[in-house]
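Structural overview
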Amino acid sequence: MSNNYHDEDDEELEGEDPPEALDNLTDELIMYAKAHDEEVSIEWDPEGMFYEIFSDDLDPVEVYVMDIDDALYGEAEAITVEAVIGHYYKELDLAALLRECDTFLVYAHPTITRGEDKDAELVLLQAACPIGQMSVEMFDAMIREVATISADLHDHFFAAEDDEEEDEEEEDEE
């Protein structure tokens, strides 16, 4: 996943180093994973201003800092973990997808956003927590939830649509 689907107004930050709180949290995650005999790989994307985190056999997730309502949460920034579930299509049964999410999710929620191609909408799974409330254990759990459940939701709701798109592309090539 090399696309960044969060706030498009972050362009003035492009190319900067990672936010300190996020950088510290990813360092803690590496130590946490080692203590639990797990593998984690973390890559900073300075253009997109996010980390891509690869953990054991889980799908990768993107992690970034986003602005939140200081008056509501008592602080102005949150750590966000997200993964693309799939491209929105009009036959998608959103009610069934939401019911599925309600059954399995603790930290995350589904959302729909525009991708880099402004004509395409993406369905994402996203979890967020104000920075001051985040622990490495919660961060690890959010990563696991988003990576695992987004892959399951993709397989359940988007795999057939992906197969149709691949078939159409193969027909176009012939």
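If you're wondering where the values come from, they're calculated on a predicted model, not measured in any experiment. (Residues numbered from 1 in each chain as written. Predicted model: local features only at pLDDT ≥ 70, side-chain atom pairs only at ≥ 80, totals over all residues. Heavy atoms only, no water.)

Observations concerning the side chain of Ser 55
Tracing the backbone shows Ser 55 in strand β2 (residues 50–55). Residue classification places Ser 55 among the buried positions, given a relative accessible area of 7%. If sequence neighbours within four positions are ignored, Ser 55 has contacts with Glu 39 and Val 40. (Helix = DSSP H or I, 4+ residues; strand = E, 2+ residues; numbered from the N terminus. Buried < 20%, exposed > 50% of the residue type's maximum accessible area, 1.4 Å probe, protein only. Contact = heavy atoms within 4.5 Å.)

A word on empty space enclosed by the protein
By the definition in use, this model includes 1 cavity of 30 Å³ or more. One number sums up the size of the largest cavity: a volume of about 50 Å³. Every residue lining the largest cavity is listed: Leu 29, Ala 33, Glu 38, Glu 39, Val 40, Ile 53, Ser 55, Leu 58, Asp 140, Ile 143 and Arg 144. Contributing elements (two or more residues each) for the lining of the largest cavity: α1 (20–35), β2 and α4 (136–157). If one sorts the elements of the lining of the largest cavity by residue count, α4 sits on top with 3 residues. Residues that form the lining of the largest cavity fall into these classes: 6 nonpolar, 1 polar and 4 charged. (1 Å grid on protein atoms, 1.4 Å probe; cavity = no way out; pocket = protein on both sides within 12 Å on 5 of 7 lines; lining within 4 Å. Points joined across faces, edges and corners; volume = space filled by probe spheres on them. Nonpolar A, V, L, I, M, F, W, Y, C, P; charged D, E, K, R; others polar.)

Side note on the pairing of β2
Within β2, 5 of the 6 residues are buried, which leaves it mostly tucked inside the rest of the structure. Here strand β1 (residues 40–45) pairs with β2 via 6 bridges, running antiparallel. Its bridge partner being in β2, Asp 45 is matched across the sheet by Phe 50. Linking two consecutive strands that pair antiparallel, namely β1 and β2, is a turn of 4 residues; a positive phi of about 60° is found at Met 49 within it. Relative to strand β3 (residues 61–67), β2 is paired through 3 bridges, and the arrangement is antiparallel. Following the sheet pairing, Glu 52 is matched in β3 by Glu 62. Hairpin connection from β2 to β3: 5 residues lie between these consecutive antiparallel strands, with Asp 56 at a positive phi of about 45°. (Pairing = 2+ DSSP bridges.)

Read these as layout, nothing more, since geometry by itself doesn't imply function.
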